[in-house]
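# Examination of the molecular architecture
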Number of protein chains: 4
Amino acid sequence: MTDDAYAALDGLGAAPLWRFYGNLFPAQPRSRAVPYRWSWRDLRPHLLHFSETLSLHEAERRVLMLVNPGLTDPPATVNTLYAGLQIILPGETAQAHRHTSNAFRFVLEGEGAHTTVNGEPVRMAPGDLLLTPGWHWHDHTHQGDAPMIWLDALDYPMVNALEAGFYEQYHQRLQPLTRTADLGSRLFLHGRLTPAWIEPAGPNSPVTRYPWAETARALDAIADDATGSEVDGIALEYTDPFTGGPVMPTIGCRIHRLRPGFDGAGRRHTASTIVNVVRGEGATIVDGVRLEWSEHDTFAIPGWATYRHVNASASQDAVLFSYSDEPVMRSLGLYRTEPGDPGA
Amino acid sequence: MTDDAYAALDGLGAAPLWRFYGNLFPAQPRSRAVPYRWSWRDLRPHLLHFSETLSLHEAERRVLMLVNPGLTDPPATVNTLYAGLQIILPGETAQAHRHTSNAFRFVLEGEGAHTTVNGEPVRMAPGDLLLTPGWHWHDHTHQGDAPMIWLDALDYPMVNALEAGFYEQYHQRLQPLTRTADLGSRLFLHGRLTPAWIEPAGPNSPVTRYPWAETARALDAIADDATGSEVDGIALEYTDPFTGGPVMPTIGCRIHRLRPGFDGAGRRHTASTIVNVVRGEGATIVDGVRLEWSEHDTFAIPGWATYRHVNASASQDAVLFSYSDEPVMRSLGLYRTEPGDPGA
Amino acid sequence: MTDDAYAALDGLGAAPLWRFYGNLFPAQPRSRAVPYRWSWRDLRPHLLHFSETLSLHEAERRVLMLVNPGLTDPPATVNTLYAGLQIILPGETAQAHRHTSNAFRFVLEGEGAHTTVNGEPVRMAPGDLLLTPGWHWHDHTHQGDAPMIWLDALDYPMVNALEAGFYEQYHQRLQPLTRTADLGSRLFLHGRLTPAWIEPAGPNSPVTRYPWAETARALDAIADDATGSEVDGIALEYTDPFTGGPVMPTIGCRIHRLRPGFDGAGRRHTASTIVNVVRGEGATIVDGVRLEWSEHDTFAIPGWATYRHVNASASQDAVLFSYSDEPVMRSLGLYRTEPGDPGA
Amino acid sequence: MTDDAYAALDGLGAAPLWRFYGNLFPAQPRSRAVPYRWSWRDLRPHLLHFSETLSLHEAERRVLMLVNPGLTDPPATVNTLYAGLQIILPGETAQAHRHTSNAFRFVLEGEGAHTTVNGEPVRMAPGDLLLTPGWHWHDHTHQGDAPMIWLDALDYPMVNALEAGFYEQYHQRLQPLTRTADLGSRLFLHGRLTPAWIEPAGPNSPVTRYPWAETARALDAIADDATGSEVDGIALEYTDPFTGGPVMPTIGCRIHRLRPGFDGAGRRHTASTIVNVVRGEGATIVDGVRLEWSEHDTFAIPGWATYRHVNASASQDAVLFSYSDEPVMRSLGLYRTEPGDPGA
């Protein structure tokens, strides 16, 4: 009789909450993502292989997605964010398109390419951070003489989960150049000075490129008297000149300097994080899993996973580039953090 | 040989973006949710049935979830939000707990119950909107003499998708009463006056209860000279007195008055919406599907679905209560809207 | 020889700071304004006298300025703000004009007049607060059958001190009525509900009139369980529905209920305050000066003067309406407050 | 009889508005300040003279105030702001104190001195901008080997007009050094990167020093493709890293590059502006008055005065440093601007 009752609900589009309760209201988040490290040394040869065997006309973008073993369908690197390794060869171009997903590139190897963003060619060199915020036209052109590889980052896992993804291809392969090179970067680069005649044009930073040269100077300018964070080291946030906030509403980017012998404190927060190793060697322990890393490796710290960073070198700095969905957690009132010991 | 290459990627946690492209970057959102209407007339008897056959000690909450046919696992009403019909009998109490999901109740039938929110008993009467923002302790007690039914709303589908869900049960069945009844409502209720000695305590409205009596007066106060929206009628947003913004960072609530014969214009936006019918009869056409509705029915308008409202009566107002994730879409820069014709 | 040096400076537009130091950098503010009370009983007959002897065509506005004895040239009531008593007779109209100074009226006596603000006629009754924000056209028309008197408030002392005052007379005596009566009030009046189709049109509240009826309900709704402020009693701020902030960027308005026998704590702050007595009898001690007040009296609390309120009645509430430049002090980072004893 | 009436008002603290109307509500602002230029060539010898004849123990600060001929009592440079030329000799120190007035220094000549701000020694070199925000302890020490001269800027005219000025002397001549040199500058200097472990500590920029080296790089980085403002040239605003807004709530600072032959468009706004010439020669026409300027001269542009800049050189850039109360005008809703022709 009661079973009939349950059966009847089905036809009415209803279901008994009391039979789902525990699944819908976990005591704390259990990320489907797992701690994982992607090896630059192992993946680079495959990138080169595909660059020889697959043309950019077949592949709109020639990218190896870094797929978290816990997030294979749809593929993602952490719950809300994606990372991929993109390679482009001298003479190649990549089709102009735009999407509501916010994206950026962080350059790992090579020089001579540029990304054109809403008509502005933006040069690319190792360590440079290039923004392609939501719905900005972008295409790539490589005029250098060696392959270029960069980290591609997008928030499509979150944008798709929120069912807010739009995509459009440009009617030609490349968009016309309507601004001179790097203008969006040069206008905002130095001395915390902001052009007084420019108004914000959207919810994202107007800086098209944060050059490594400036990032390196920022790290060098902070002497040993700067305590920094015992968890994240000398952690500097890339900011939007108009707001002082994150570069895009869904992604925050940071550069971290871990001093020689840095042995960080453990912590966890609801934000999901992806890290790329700029320089040095070390390990990050995440929920008991030890992720050994060296130059250009990428690794994932799932949300609410406890982690701590270790710089393996007693004489050299380690430098990490990280990005996360912390801005989302904060603007939705869902950010939470606490100290903890990841073990191992 | 190339196949080997693809095989090898697998073991390295990588995958070729070019084989996933279309799925990850749709031209526009296709919500998994479908337009759907839940019938109050059909579901009410089942609620009463379970109220007789299932105790609140077996069921922490006695709620029929309104499950969208497109969103059965995990169950949700629209992509980011949930609606359920909760029933409580005279003399019953519902266990105190808290969760990071933001929630509210919108009362449909009965009187005499109260929800205790962080120590404050909040009375419940038809048409009242009661907030239980994230991580606020809440339990229910019914001292009236007839069953009470209300609409339960939560953002758990989004909070869980963002892996930010926490839940805790109170160590006793009911929390102690530490504030007098309805204080959080009385302090902010009239004349847009705000207590000068109270500071905001979180990212949500401090109003514990928006009484129907005031909502009705607001609708009555707006004469026919107020144009309102040709899409949503006289649509009024429930606001946070401290910010003027939505009542909670993830959910916006509105009351709509559709004048006699109202035949709305068509529109779509990226926000997902759930509507409950307070009064009147009519239909809402959503992507070609005609949803006929009458008092206390609930219906779903998926994100980016084109819709328009029709009041079937030439002499009576129709009044709709709606809630959506528009605040999320706006704070993340993902809100988009355009006119359109839902057909049918 | 040194004297020659000083003399020479003069011709070069220079002066020695060291000869001015103390005057320019006082240890703490010494307001030029003094504590003062203006007697309704004494001033009302003069208002009536001028209403008989002076036409509104001679006097663009028939207003008695409440001039602080410390602020006679230019005349002001406190350092940044002004109060005046305006009278208008049945059948009279007052010339339409606008100024960048923010203004409001708080009605003391009579009914049947309305102020037209940017095309909207706004009715006036005792206890109503009407806004005429900067650069809004406004004129007055009295169609009642008895004289009307209200408190006129402006920030011209501050606007003129900042050299930002503009003024324009309308090309006709009265502006055309382009909106129906009280629309700007009715749209925002009840239940903290805000029309979703209306965008903010400026830095001020869109509410044209905060009716006394709602203010009274707000005071009544707050039971004795509401502690309120030990300094200012049950102090409620009139707010801008779009921001939750003050009604205008330069003036904050509050209503205060002092319970029977209220004997307030002493405090001072950098904001300058003007108070009008809505109901009751009592005294406010300001820097040792005891200001006895009763219905419709007005009094001044200079910035950084220590004050405390006393309700003389053991059985009746006293109700005060106050306005101050606290929003200015806060937005410029100049707000400071501390407890203190005004003595006497 | 009417005269008696007026007489009687006096004793009651009242006055007839209709006899003051025009003075209180001018059609548009008429600044008491006049366009004026202070000659570096003429004033520098006097500075040197007083540095020899007046000790820093007699003069708490050895500063020549630049007094606008229209603003002699109290002395000010424009309506709301002040500029002075301060000189300090090798081996001298200037008494530690603090005031609620916001201040900054802009260095004109010499090296080797530092200002200590809340325990941090901040080095000073030509073109450097040093902030001493309200209520920050500050003192000066000169360990170099030649006199140093800088522009002293304060908002005391406005703070005093608002009766919000507090002042305190430190109990010793110099405050202890509790932070290493220039930390507040080094932490925020490069690449728009902001330390993630630091929270805003007040309504002002945390940058203690904006070094000229970075300002020069900012100007150089902007190629001729940057249009800039036809009124103010390549005008860059010094910003608060935490907000993107002005460096202090009452003062906005800018650097301007006028290209060779720049012949600006005319404009006026309600903000009052003070300009110091960093480099080059030219003229600024203000309400028909032609102010010829060359290196280190200072000039005043009163509020609502129409002005335009001219670079007299056809081959060299001119560089101007300006500061104004525009942030005040904007936060109070009093900012207004329009094009115009200053004549001459």
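Keep in mind that what you see is a predicted model, and the values were worked out from it rather than measured.

Once that is clear, we can look at the overall build of chain A. If you tally the helices and strands in chain A, you get seven helices and 24 strands. Considered along the principal axes of its C-alpha atoms, chain A spans approximately 75 × 55 × 50 Å. When each of the 344 residues of chain A is scored for burial, the buried share is 66%. Partitioning the intrachain contacts of chain A with sequence separation of at least 6 by distance along the chain shows that 75% fall at a separation of at least 24.

This part takes up the sheet that holds strand E4 (residues 82-88) of chain B. An order of E1(A)-E3(B)-E4(B)-E11(B)-E6(B)-E9(B)-E14(B) is seen for the seven strands of this open sheet, with the pairing classed as antiparallel. Every other strand in the sheet has two partners, leaving strand E1 (14-16) of chain A together with strand E14 (209-210) of chain B as the edge strands with one partner each. The pairing of strand E6 (residues 103-109) of chain B with strand E9 (residues 129-132) of chain B spans four bridges and is antiparallel. If you follow Ala103(B) over to E9(B), its bridge partner there is Thr132(B). Packed onto the sheet, helix H3 (residues 40-53) of chain B meets E1 of chain A together with strand E3 (63-66), E4, E6 and strand E11 (148-154) of chain B and runs at close to 50° relative to E4(B).

When chain A is fitted onto chain D, the two copies agree to an RMSD of 0.0 Å after a turn of 180° and an axial shift of 0.0 Å. Such a turn and shift between the copies fits a two-fold axis. Comparing interface residues between copies, 100% of those in chain A also sit at the interface in chain D, which points to an isologous, same-surface contact.

On to the nonpolar core, then. If you look at the biggest cluster of nonpolar residues, it comprises 109 residues, and the most contacted ones within it are Phe104(B), Tyr323(B), Phe104(C) and Tyr323(C). Sequence-distant contacts of Phe104(C), defined by excluding residues within four places in its chain, comprise Leu129(C), Leu130(C), Leu131(C), Thr132(C), Leu151(C), Asp152(C), Ala153(C), Met248(C), Ile251(C), Cys253(C), Phe321(C) and Tyr323(C). Leu131(A), Ala226(A), Tyr6(C) and Leu236(D) belong to the second-largest nonpolar core, a separate cluster that totals 107 residues.

What follows covers the relation of the copies chain C and chain D. For the pair chain C and chain D, the superposition axis carries a translation of 0.0 Å, the fit reaches an RMSD of 0.0 Å, and the rotation angle comes to 180°. A share of 99% of the interface residues of chain C reappears at the interface of chain D, consistent with the copies meeting face to face through the same patch.

A word on the interface of chain C and chain D. At the interface, 77 residues of chain C touch 76 residues of chain D. Carbon and sulfur atoms supply 70% of the area that chain C and chain D bury against each other, a total of about 6500 Å² over both sides. Together, Trp18(C), Glu163(C) and Phe166(C) form the three largest contributors to the area buried by chain C at its contact with chain D, with a combined 12%. The tally of links between chain C and chain D comes to zero salt bridges. In this assembly, chain C and chain D are joined by 20 residue pairs in polar contact (both at pLDDT 80 or more). Here the side of chain C that touches chain D takes six residues from helix H1 (residues 2-11) of chain C, the largest share from any one element. Here the side of chain C that touches chain D is built from residues that sort into 50 nonpolar, 19 polar and eight charged. Across three bridges, the pairing between strand E3 (residues 63-66) of chain C and strand E1 (residues 14-16) of chain D is antiparallel.

Right, let's talk about helix H6 (residues 212-221) of chain B for a bit. The element H6(B) is extensively covered by neighbouring structure, given that seven of its 10 residues are classed as buried. Along H6(B), the positions that sit buried rather than exposed are Trp212(B), Glu214(B), Thr215(B), Ala216(B), Ala218(B), Leu219(B) and Ala221(B).

The subject of this paragraph is the UniProt feature "domain: Cupin type-2" (unreviewed entry) in chain A. Residues annotated by UniProt as "domain: Cupin type-2" (unreviewed entry) correspond here to residues 85-152 of chain A. From the first C-alpha to the last, residues 85-152 of chain A spans 6 Å; its make-up is 0% helix and 60% strand.

As a further point, take helix H3 (residues 40-53) of chain A. Residues and elements named next belong to chain A. With 14 residues, H3 extends 20 Å between its outermost C-alpha atoms, agreeing within 8% with the 20 Å of an ideal straight helix rising 1.5 Å per residue. Within H3, the full set of buried residues consists of Trp40, Leu43, His46, Leu47, His49, Phe50 and Ser51. Among the residues of H3, the N-terminal cap falls to Ser39, whose side-chain oxygen and the backbone nitrogen of Arg41 are separated by 3.3 Å.

All right, on to the packing of aromatic side chains then. The geometry of two aromatic rings is summed up by the distance between their centres and the angle between their planes. Residues and elements named next belong to chain C. Enumeration according to the criterion identifies 79 aromatic pairs over all chains in this entry. Ring plane angle 65° and centroid distance 6.0 Å describe the contact between Tyr238 and Phe321, whose orientation is recorded as edge-to-face. Of this pair, Tyr238 sits in strand E15 (residues 234-238) while Phe321 sits in strand E23 (residues 318-324), placing them 83 residues apart in sequence. Taking the relative accessible area as the measure of exposure, Tyr238 reaches 0% and is therefore buried.

Below, the discussion takes up the interface of chain A and chain D. Of the residues lining the interface, 40 residues belong to chain A; the matching set on chain D comes to 40 residues. For the chain A face of the interface with chain D, the top three residues by lost area are Arg192(A), Leu193(A) and Trp197(A), together amounting to 26%. Glu214(A) is the partner of Arg217(D) in a salt bridge, and the nearest nitrogen-oxygen pair spans 2.9 Å. Along the contact surface separating chain A from chain D lie 18 residue pairs in polar contact (both at pLDDT 80 or more). A breakdown of the residues in the side of chain A that touches chain D according to their chemical character gives 21 nonpolar, 12 polar and seven charged.

Our next topic: the pattern of salt bridges. Residues and elements named next belong to chain D. Inspection of every chain in the model, using the stated rule, returns 68 salt bridges over all chains. Across the pair Arg308 and Asp263 runs a salt bridge whose closest N-O atoms are separated by 2.5 Å. Placement of Arg308 in strand E22 (residues 307-311) and of Asp263 in the loop between strand E16 (252-258) and strand E17 (267-269) is noted, with a sequence separation of 45 residues between them.

On to the sheet that holds strand E13 (residues 193-195) of chain D. Taking strand neighbours across the sheet as the criterion, the seven strands line up as E2(A)-E21(A)-E18(A)-E23(A)-E16(A)-E15(A)-E13(D) in an open arrangement whose pairing is antiparallel. Bordering the open sheet on either side are strand E2 (36-38) of chain A together with E13 of chain D, each of which pairs with just one other strand. Averaged over all adjacent pairs, the angle separating strand axes in this sheet is 25°, with direction ignored. By the bridge criterion, four bridges tie strand E18 (residues 273-279) of chain A to strand E21 (residues 298-301) of chain A in an arrangement that is antiparallel. Bridging from a neighbouring strand, Thr273(A) pairs with Ile301(A) of E21(A).

Let's shift gears to the pairing of strand E20 (residues 289-293) of chain B. Residue and element names in this part refer to chain B. Pairing analysis gives five bridges linking strand E19 (residues 282-286) to E20, with the strands arranged antiparallel. Its bridge partner lying in E20, Ala283 is registered against Glu292. The turn joining E19 and E20, which pair antiparallel and follow one another in sequence, is formed by two residues; a positive phi near 45° is taken by Asp287.

On to empty space enclosed by the protein. With the rule as written, the count across this model stands at six cavities of 30 Å³ or more. Estimates place the volume of the largest cavity at around 120 Å³. Together, 15 residues line the largest cavity, and Arg61(A), His99(A), Asp152(A), Leu154(A) and Tyr21(B) are the ones closest to its centre. Looking at the lining of the largest cavity, the elements that each hand over two or more residues are strand E4 (82-88), strand E5 (93-99), strand E6 (103-109) and strand E11 (148-154) of chain A. Partitioned by chemical class, the residues of the lining of the largest cavity number eight nonpolar, four polar and three charged.

The next subject is the side chain of Thr250(A). Here Thr250(A) shows up in the loop between strand E15 (234-238) and strand E16 (252-258). Accessibility expressed as a relative area gives 0% for Thr250(A), which makes it buried. Among the polar contacts listed, one links the side chain of Thr250(A) to the side chain of Asn102(A), at a separation of 3.1 Å. Once residues within four sequence positions are removed from consideration, Thr250(A) is found in contact with Asn102(A), Asp155(A), Met158(A), Ser324(A), Asp325(A), Pro327(A), Val328(A) and Leu332(B).

The subject of this paragraph is the confidence of the model for chain A. Chain-level statistics for chain A give a pLDDT mean of 96 and a share of 99% at 70 or above. Scoring the predicted complex yields pTM 0.97 and, for the interface, ipTM 0.96.

All names here are of chain C. Tracing the chain through its elements places Gly282 in strand E19 (residues 282-286). Separated by 11 residues in sequence, Gly282 and Trp293 place their C-alpha atoms 5.5 Å apart. Setting aside residues no more than four positions away along its own chain, Gly282 makes contact with Leu291, Glu292, Trp293, Val310, Asn311 and Ala312.

Turning to the pairing of E3(C), a few remarks are in order. All names here are of chain C. Side chains Val63 and Met65 of E3 all project onto a buried face; the interleaved residues Leu64 and Leu66 project onto the opposite face, where all are buried too. Summarising the sheet, E3 and strand E4 (residues 82-88) pair through three bridges and their orientation is antiparallel. If you follow Val63 over to E4, its bridge partner there is Gln86.

The next subject is the side chain of Glu120(A). All names here are of chain A. Examined against the element boundaries, Glu120 turns out to sit in strand E8 (residues 120-123). From its side chain, Glu120 meets the backbone nitrogen of Gly184 in a polar contact 2.9 Å long. Apart from the residues within four sequence positions on either side, Glu120 is in contact with Thr115, Arg179, Thr180, Asp182, Leu183, Gly184, Ser185 and Thr208.

Cut-offs used in this document
Residues numbered from 1 in each chain as written. Chains lettered and ligands numbered in written order. Predicted model: local features only at pLDDT ≥ 70, side-chain atom pairs only at ≥ 80, totals over all residues. Heavy atoms only, no water. Helix = DSSP H or I, 4+ residues; strand = E, 2+ residues; numbered from the N terminus. Buried < 20%, exposed > 50% of the residue type's maximum accessible area, 1.4 Å probe, protein only. Contact = heavy atoms within 4.5 Å. Pairing = 2+ DSSP bridges. Axes fitted to C-alpha atoms, helices over the stretch in contact; angles between N-to-C directions. Least-squares fit on C-alpha atoms with pLDDT ≥ 70 in both. Core = buried A, V, L, I, M, F, W, Y, C linked by side-chain atoms within 4.5 Å. Buried area = accessible area lost by both parts, 1.4 Å probe. Salt bridge = Lys/Arg side-chain N within 4 Å of Asp/Glu carboxyl O. Polar contact = N/O pair within 3.5 Å; in protein donor to acceptor, adjacent residues only side chain to side chain. Nonpolar A, V, L, I, M, F, W, Y, C, P; charged D, E, K, R; others polar. UniProt positions renumbered as here; feature names shortened; annotations may be inferred. Expected span 1.5 Å × (residues − 1). Phe/Tyr/Trp six-rings, centres within 6.5 Å; stacked < 30°, edge-to-face > 60°. 1 Å grid on protein atoms, 1.4 Å probe; cavity = no way out; pocket = protein on both sides within 12 Å on 5 of 7 lines; lining within 4 Å. Points joined across faces, edges and corners; volume = space filled by probe spheres on them. pLDDT = per-residue confidence, 0-100.

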